[in-house]
Amino acid sequence: MFDIKKLNKSSFRGVPFYTKDDELSGGQRLTDHSFINGGTLTESNGLKNNTFKISGYIGGDNYLDQKQALKQALEDTTSGILVDKFHGKVEVYVDSWSIKESISKIGMAAVEITFKKATNKLKKTKEILYAVDVRPAAIENFKQSYNPAIGAELRKKIESEITQMWGKVEDGIKFLEDTRDFSQNIKSKVGATIATVKGAIISVDSLANEIVNIWSSFDEVTDLKLHNSSSLSNYTSSIRDIAVSTSLKTSNNYAEAKALEASKAYTYCTVVGMVHSAIKSLEYVEFSTGDDFGSVKDDILTTMDILEKEIVNSGDINKIVSKQELLNKYQESRKEFIFFYTAKFSKLQNLSTDNIIATTDIFQYTMNKYGDIGRADEVLDNNSIVDPIFVSGNIEVLSR
């Protein structure tokens, strides 16, 4: 008896079977024209039918009933629905089939089926997009977390921290010097924000509105596709620098710690929008090497880690709805970003083969290899692993 746990379940006309191998082929119908004086011309005459060649099994206690039901389904001359483990729901016709049985394997049969897709329409390739927006949750958390009721001396401390942060932001937008209108626009908004902070830190809504206003300028840079690989690398590096330097700031003085807590809340909220604009820019920025892209990816993932850890370490988040919602958004954003960059930049990633001799789970594997359980999604996506609990054999992974 074969182990059905090692196979993938599919069905045709509602009759189940287990898929072992699945091959999809297609192409165009091409006509070559040759000319008397030399030269050729190739002309497309549409698409060939997509063909699914499936090798699988049926078996079990009701094996004979399954075999008869599948045979009847395959002999039907009308089109039917194939629910394929690898390609989803497809309307197909049966081109050919065979059911092979052996006296040495009583209770099971090998199945070979060739399906042809009922209709083939040329489809425009779907753009790979990043669809998570953490910013609304970040603004709401900032409004709930930031405490404006603080003395004049501590306000100066907050003012100093925020001013330094905006200085680093300005360093990160030096690439806009060639497009002075945008450069000046962002710098003007930064100046207005600093003036608001220096005036009086009394209105949380006012501070939040200023942050959103500056985010809109970064969105405009992205919408007009002003980034290139070099400028985006500089931009994400400045974001990472802001996040790392902010996370390292501490104080043993209670009052100063409160001021630092307020400035951190402001800074991290600002960083969320900058990360968002950086990821959206990746939708159009082209990289020539994996190293160029790798630095941007590492900057963003490092910043995401810091943002998430700061939420987790900021008290009992279960008692603060806005923090829990923001944490959920951070985790969703990270997962979506890993899927996004794996799909869009897979050709630039330098993957190497790692042989897992003893079966393990994906979490233990990533902890042993990287010291980071958070990279589990990356390994799963790069290898199309369905079951993360039982991982073995050769897998393709990025270097440490």
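Before reading further, recall that the structure is shown in the block above.
Quick caveat: nothing in here was measured; it's all calculated off a predicted structure.

S.K.: What is the right way to read helix α10 (residues 362-370) from this model?
M.R.: Side chains three or four residues apart in an α-helix point the same way, a direct result of the helix having 3.6 residues per turn. Among the residues making up α10, those that are buried are I362, Y365, T366, K369 and Y370. The buried residues of α10 all sit within an arc of 95° when viewed along its axis, so they share a single face. If you follow the buried residues of α10, they end up packed against β9 (352-360), α11 (376-383) and β10 (391-397). Two or three places before Q364, at the opening of α10, D361 has a side-chain oxygen 2.8 Å from that residue's backbone nitrogen. Just past α10, the residue G371 takes up positive phi, approximately 70°.

S.K.: Looking at this model, I keep getting lost on the pattern of salt bridges. Mind explaining?
M.R.: For the coordinates displayed, the defined rule picks out 16 salt bridges. One salt bridge connects K168 with D241, and the closest N-O pair in it is separated by 3.8 Å. Of this pair, K168 sits in helix α3 (residues 152-172) while D241 sits in helix α6 (residues 229-247); the two residues are 73 residues apart in sequence, bridging distant segments of the chain. By sharing partners, the salt bridges in this structure join D133, R135 and D219 into a single network.

S.K.: Whenever I open this one, empty space enclosed by the protein confuses me. Can you help?
M.R.: Space left empty within the atom packing is revealed by a probe, the size of a water molecule, rolled over the atoms. Enumeration over the complete set of coordinates arrives at one cavity of 30 Å³ or more. Taken together, Y130, V134, V272, V275, H276, I279, M304, L307, Y330 and S333 form the lining of the largest cavity. Broken down by secondary-structure element, the contributors of at least two residues to the lining of the largest cavity are α7 (254-281), α8 (290-312) and α9 (321-345). Here the lining of the largest cavity gets four residues from one element, more than from any other, and that element is α7. Looking at the lining of the largest cavity residue by residue, the class counts come to eight nonpolar, two polar and no charged.

S.K.: Would you take a moment to explain the side chain of S11 for this structure?
M.R.: Residue position: S11 is located in strand β1 (residues 8-12). Residue class for S11 comes out buried when judged on its relative accessible area of 15%. Excluding anything up to four places from it in sequence, S11 contacts P16, F17, I81, L82 and V83.

S.K.: Quick question: what am I supposed to make of the packing of aromatic side chains here?
M.R.: Aromatic ring pairs are defined here through the distance separating the ring centres and the angle between the ring planes. With the rule as written, the count across this model stands at nine aromatic pairs. Judged by centre distance (5.6 Å) and plane angle (65°), the rings of F287 and F293 are edge-to-face. Overall, the relative accessible area of 2% leaves F293 in the buried class. Three or more aromatic residues joined by ring pairs form one cluster here, namely F142, Y146, W166 and Y266.

S.K.: Explanation requested: the packing of α9 against α11 in the structure shown.
M.R.: A packed helix pair is summarised by two numbers, namely the angle formed by the two axes and the spacing between the axes. Where α9 contacts α11, the axes come no closer than 10 Å and their chain directions differ by 35°. Crossing handedness for the pair α9 and α11: right-handed. Contacts from K335, I338, F339, Y341 and T342 in α9 reach D377, E378, D381 and N382 in α11. Looking at the contact of α9 with α11, its residues break down into three nonpolar, two polar and four charged.

Reading guide: rules and limits
- Every chain begins its residue count from 1, and numbering advances along the sequence as written.
- The model is predicted, so local features are restricted to residues of pLDDT at least 70 and side-chain atom pairs to those at 80 or more, both for listing and for counting; the totals for chains, interfaces and linings are taken over all residues.
- The basis for the side-chain values is all heavy atoms of the structure; hydrogens and waters are excluded.
- Categorising residues by exposure relies on relative accessible area from a 1.4 Å probe, with only protein chains included: less than 20% of the type maximum marks a residue as buried, more than 50% marks it as exposed, and the intermediate range marks it as partly exposed.
- Each helix is a run of H or I in the DSSP string that is no shorter than four residues. Each strand is a run of E no shorter than two, and both are numbered from the N terminus.
- Our arc is simply the arc of the directions from the helix axis toward the C-beta atoms.
- In what follows, residue pairs with any heavy atoms lying within 4.5 Å of each other are defined as contacts.
- Each polar contact in these results corresponds to two N or O atoms within 3.5 Å; when the atoms are within protein, one needs to be able to donate a hydrogen and the other to accept it, and residues that are neighboring in sequence are counted only if both atoms are side-chain atoms.
- Basic side-chain nitrogens of Lys or Arg form a salt bridge, by our definition, when they fall within 4 Å of a carboxyl oxygen of Asp or Glu.
- Lining residues are defined by having an atom within 4 Å of a point belonging to a cavity or pocket. Those points lie on a 1 Å grid over the protein atoms alone, cavities being sets where a 1.4 Å probe fits but cannot get out and pockets being open sets with protein on both sides within 12 Å along at least five of seven lines.
- Grid points are joined across faces, edges and corners, and a volume is the space filled by probe spheres set on the points.
- Polar here means any residue other than Ala, Val, Leu, Ile, Met, Phe, Trp, Tyr, Cys and Pro, which are nonpolar, and Asp, Glu, Lys and Arg, which are charged; Gly is therefore polar.
- Geometry of aromatic contacts follows a simple scheme: Phe, Tyr and Trp rings, the Trp one being its six-membered ring, pair when their centres are within 6.5 Å, and the pair is stacked under 30 degrees between planes, edge-to-face over 60, tilted otherwise.
- To obtain an axis, a line is fitted to C-alpha atoms, over the contacting stretch when the element is a helix, and the angle between two such axes runs from 0 to 180 degrees between their N-to-C directions.
- By the definition used in this description, the sense in which the near helix is turned from the far one sets the handedness, with an anticlockwise turn below a right angle giving left-handed and a clockwise turn giving right-handed.

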